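# Coordinate inspection notes
Below are the chains, spelled out letter by letter.
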Number of protein chains: 2
Amino acid sequence: MAFSSTIPSCDTSLLLKRSNKGLSNLPKPIFNLKYVPAKVQASHVVSTPLSKSFQYQEVNNKTETIPLPVFDFDDYMIRKGKQVNKALDESVPMQHPEKIHESMRYSLLAGGKRVRPILCVAACELVGGTEDLAMPTACAMEMIHTMSLIHDDLPCMDNDDLRRGKPTNHKVFGEETAVLAGDALLSLAFEHVAAKTMNVSPERLVQVLAEMGNSVGSQGLVAGQIVDIDSEGKKISLSDLEYIHIHKTARLLEASVVCGAIVGGADSESIENVRKYARYIGLLFQVVDDILDVTKSSEELGKTAGKDLATDKATYPKLMGIDEAKKFAEKLVDQANQQLASFDPAKAAPLYHFARYIASRQN
Amino acid sequence: MAFSSTIPSCDTSLLLKRSNKGLSNLPKPIFNLKYVPAKVQASHVVSTPLSKSFQYQEVNNKTETIPLPVFDFDDYMIRKGKQVNKALDESVPMQHPEKIHESMRYSLLAGGKRVRPILCVAACELVGGTEDLAMPTACAMEMIHTMSLIHDDLPCMDNDDLRRGKPTNHKVFGEETAVLAGDALLSLAFEHVAAKTMNVSPERLVQVLAEMGNSVGSQGLVAGQIVDIDSEGKKISLSDLEYIHIHKTARLLEASVVCGAIVGGADSESIENVRKYARYIGLLFQVVDDILDVTKSSEELGKTAGKDLATDKATYPKLMGIDEAKKFAEKLVDQANQQLASFDPAKAAPLYHFARYIASRQN
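Throughout what follows, the structure given in this document is the object of discussion. Please read all numbers here as calculations on a predicted model, not as lab measurements.

### Some points on the overall build of chain A
Scanning chain A from terminus to terminus reveals 15 helices and five strands. Contacts in chain A between residues at least 24 apart in sequence constitute 72% of all its contacts with a sequence separation of at least 6. Element-wise, carbon and sulfur atoms account for 50% of the exposed surface of chain A, whose accessible area totals about 13500 Å².

The structure is reproduced here in structure tokens:
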């Protein structure tokens, strides 16, 4: 049974418009829930090791569960992760000048979860495409993400020493090389899609390249970054926080999913459906990130924990309390998965589970 | 009369291969020239205010001149410059978040010579295309160039305070914004071509986007930067110097010309011809830059002069002497223009004059 019938829908546009109205304007009932242990999970719902995720029950005692299709998500992530890592390794071969390629490879191959590339492949396969069609675009998404991490960590930005459990790029290679490695990864992302994608029409590739560019630039990732920087040490509203995360985090996840669907041959309606899905999981990703920053150690996260608290940075737990933030995350999982209703459930399984995975990730 | 018949051709591949052999391997006769005053210029050669450029005479007294077609190059540069500036202004409208757009516009609209975008338009028109077809690509080239300047000027890179006669981007907006403005301009370059180009086939646009990406990345501009940084304070050979400049400067000029030709509808032979032309003027550009650094004041240049000398950076004047560097520049003008032999001379006129213009520029 889907949740859409019992919980008023959260209008996606609320998550996207830069308005004066914040998350406080989301329909009240979304917080009218309490958590129940996973053991009451219905038998038709596959319990994957990743699904420590919450189930929930309305306070009026009408129990609901999300009907996840049978699917081994752990295996899926391992298989796709291997393929992505192989393709990433090949995308930046060691060559002259060695230093820049070492630096690019150091961060690109540092073993992240590959959420963006796997989402890209999953969206391509959702609409009938193959992994091969999506792989150059999937790699490009990871290149862009890595660029943003390298530049974020710079002393003039977040000044971080630790990333994915390793010293940050500039700590190893120096600041000037870190700036250039980011620039090189960003330009390679576009070159890689344009030069390495096979069996996708140029029309679709041009669409992908426009979407990618938009997701990084001054209306995308960079927009989120600059507002984030400007808000440090200031009291900011939920709507500003939402703006930051939609741009800083959600936009690239959205581009990953949308571009995957485009190279997979999706029609415009399907592209819009997966775009909405991606917007929900994008915001979810950041809410969970904020929760982890409060609840986990640096060792567990593989990066400096408690930093947001220390720097007086606005976060969801700080603005709505840790429990409400967790409930909000749950709500976003449901909203995301409702966008997949029109697709073949078997093909949509990876994306259904992705939302739960993001909600329940521990680092 | 073309020079090709009297002066042995300098094999383009010498300028492009990363070999152990440097410029010292260029055919000896190129330095076997002496300068003669411009007044001996043949009557059919239009004397533009920009043509203070050298003519030359072989030491065996066979006088030769470059047969420049009649063309008002000053007027051309003014007209095209205005069009480019208008298009650039429109390409980054002021919008939220204001700070990043102010920062992007500050550097993008700082009044450079627009060499790259005008070359792009000129190459498009050379092969039968129109200004409109090329303009988004032309703007993209200036965005990439501006990104490279903003990032180059950062304290962790060249640490420059002055650029185009104005304080550098990070001096005005802060380092973090300067890093982000560069990132945003770089991604916008690709988005702009993909989203704003009209009446060019997607096949050609994908080619353009691949060429652009390659020109910036770890085999292009960034490659030149990293080798340049690594060579500071060290004795470097002419071949290393050549490598730096071909990548740091020439590659983006090459991409500008090649991409202009692609959007203009050029066949592959024409694309290769203009690529060779661009490689010569690309190297020429840097040789002249080095000469100006020695011979001009900061005020005249609009940026810090004598910096290369002060930082013990390898330059052409330092490695071959100022007079030989000037002669080498002249040789490159001829080599460049020889690549245009197969085109309609009237349509090639802007590019013929461009080479002279680059050789004779004063800042």
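### Section: the relation of the copies chain B and chain A
The two copies are related by a screw operation: chain B maps onto chain A through 180° of rotation and 0.0 Å of translation along the axis, at an RMSD of 0.0 Å. Each copy turns onto its partner about a two-fold axis. Taking C-alpha positions as the reference, the residue of chain B nearest the rotation axis is P202 of chain B, at 2.6 Å. Of all interface residues in chain B, 100% are interface residues in chain A too; the two copies therefore contact each other through one and the same surface.

### Observations regarding the side chain of K80 of chain A
Inspection of the secondary structure puts K80 of chain A in helix α1 (residues 73-91). Excluding anything up to four places from it in sequence, K80 of chain A contacts I118, V121, E125 and E131 of chain A.

### Concerning the nonpolar core
Membership of the largest hydrophobic core comes to 218 residues, with the highest contact counts inside it found for M212, Y277 and F354 of chain A together with M212, Y277 and F354 of chain B. Once residues within four sequence positions are removed from consideration, F354 of chain A is found in contact with F73, M77, V115, I118, L119 and Y277 of chain A.

### Concerning the environment of K113 of chain A
Within the fold, K113 of chain A resides in the loop between α2 (98-108) and α3 (115-126). Along the chain, K113 of chain A and I78 of chain A lie 35 residues apart, while their C-alpha atoms are 9.7 Å from each other.

### Description of the packing of aromatic side chains
Enumeration according to the criterion identifies 17 aromatic pairs over all chains in this entry. Geometrically, the ring pair formed by F71 of chain A and F73 of chain A is tilted, given 6.4 Å between the ring centres and 50° between the ring planes. In this structure, F71 of chain A and F73 of chain A share a single accessibility class: buried. With 5.4 Å between their ring centres and 70° between their planes, Y106 of chain B and F173 of chain B make a pair best called edge-to-face.

### Some words on the pattern of salt bridges
Residues and elements named next belong to chain A. Under the definition given, this model contains 40 salt bridges over all chains. For E131, the salt bridge identified is with K80, shortest N-O distance 2.7 Å. With a gap of 51 residues between them, E131 in helix α4 (residues 131-153) and K80 in helix α1 connect regions that are remote in the sequence. Salt bridges sharing common partners tie together E211, R251, E254, E272, R275 and R279.

### Some words on helix α14 (residues 322-338) of chain A
Residue and element names in this part refer to chain A. For α14, which comprises 17 residues, the first-to-last C-alpha distance of 25 Å matches the rise-based estimate of 24 Å (1.5 Å per residue) to within 8%. Of all 17 residues in α14, twelve are buried, a share of seventy percent or more. Looking only at α14, the buried set comprises A325, K327, F328, A329, E330, K331, L332, V333, D334, Q335, A336 and N337.

### Side note on unusual backbone geometry
Between H96 of chain A and P97 of chain A the backbone carries a cis peptide bond, its omega angle lying at -5°. Within the secondary structure layout, P97 of chain A lies in the loop between α1 and α2. A positive phi angle is found at N159 of chain A, which is not glycine, with a value near 55°. Here N159 of chain A shows up in the loop between α4 and β4 (162-163). Residue N159 of chain A is classed as partly exposed on the basis of its relative accessible area of 42%. Notably, N199 of chain B is not glycine yet its phi reads approximately 60°, a positive angle.

### Observations concerning the packing of α1 of chain A against α4 of chain A
Residues and elements named next belong to chain A. In the contact formed by α1 and α4, the axes pass within 10 Å of each other and the chain directions differ by 70°. Taken together, the axes of α1 and α4 lie roughly perpendicular to each other. In this structure, the crossing between α1 and α4 has a hand that is right-handed. The residues of α4 that touch α1, namely those facing K80, Q83, V84, A87, L88 and S91, are E131, M135, C139, E142 and M143. Split into classes, the residues belonging to the contact of α1 with α4 amount to six nonpolar, two polar and three charged.

### What to know about the interface of chain B and chain A
Listed per partner, the contact involves 46 residues of chain B and 46 residues of chain A. By the criterion of area lost to chain A, the three top residues of chain B are H96, L180 and I226 of chain B, representing 14% of everything that side buries. At the junction of chain B and chain A, the tally comes to two salt bridges. In this structure, the connection of chain B to chain A is made through 14 residue pairs in polar contact (both at pLDDT 80 or more). Taken together, the elements giving at least two residues each to the side of chain B that touches chain A come down to α3 (98-108), α5 (131-153), α7 (175-196), α8 (202-216) and α9 (221-231) of chain B. Broken down by element, the side of chain B that touches chain A gets its largest block of residues, 13 residues, from α7 of chain B.

Cut-offs applied
Per-chain numbering applies: the sequence of each chain, read as written, is numbered from 1 onward. Just so you know, chain letters begin at A and ligand numbers begin at 1, following the order they were written in. In keeping with the predicted nature of the model, local features appear solely for residues at pLDDT of at least 70, side-chain atom pairs appear and are counted solely at 80 or more, and the whole-chain, interface and lining totals rest on all residues. Remark: hydrogens and water are excluded; side-chain values derive from all non-hydrogen atoms of the structure. For helices the rule is a DSSP run of H or I covering at least 4 residues; for strands it is a run of E covering at least 2, with both sets numbered from the N terminus onward. Contact definition: two residues touch when any of their heavy atoms are within 4.5 Å. Calculation of accessible area relied on Shrake-Rupley with a 1.4 Å probe; when residues are assessed, cover is drawn exclusively from the protein chains displayed. The least-squares superposition of copies is restricted to C-alpha atoms, and to residues with a pLDDT of at least 70 in both copies. Nine residue types can take part in a nonpolar core, namely buried Ala, Val, Leu, Ile, Met, Phe, Trp, Tyr and Cys, and a core is a set of them joined through side-chain atoms within 4.5 Å. The cut-offs for exposure are 20% and 50% of the maximum accessible area for each residue type, with area from a 1.4 Å probe on protein chains only; residues under the lower value are buried, those over the upper are exposed, and the others partly exposed. Under the pairing criterion, centres of Phe, Tyr and Trp rings, with the six-membered ring standing for Trp, must be within 6.5 Å; the plane angle then separates stacked pairs below 30 degrees from edge-to-face pairs above 60, leaving the rest tilted. Salt bridges are identified by distance alone: a Lys or Arg side-chain nitrogen within 4 Å of an Asp or Glu carboxyl oxygen. For a helix, the expected span equals 1.5 Å multiplied by the number of residues minus one. Simply put, an axis is a line fit to the C-alpha atoms, just over the touching stretch for a helix, and the angle between two N-to-C directions goes from 0 to 180 degrees. Roughly parallel means an angle under 35 degrees; roughly antiparallel, over 145; roughly perpendicular, 65 to 115; everything else is oblique. Note: crossing handedness is left-handed where the near helix turns anticlockwise from the far helix by less than a right angle, and right-handed where it turns clockwise. Residue classes follow a fixed rule: Ala, Val, Leu, Ile, Met, Phe, Trp, Tyr, Cys and Pro count as nonpolar, while Asp, Glu, Lys and Arg count as charged, and any other residue, Gly among them, counts as polar. Here the quantity called buried area is the accessible surface, traced with a 1.4 Å probe, that two parts lose on coming together, added over both. N or O atoms closer than or at 3.5 Å make up a polar contact, with two conditions inside protein: a donor-capable atom paired with an acceptor-capable one, and, for residues adjacent in sequence, both atoms drawn from side chains.

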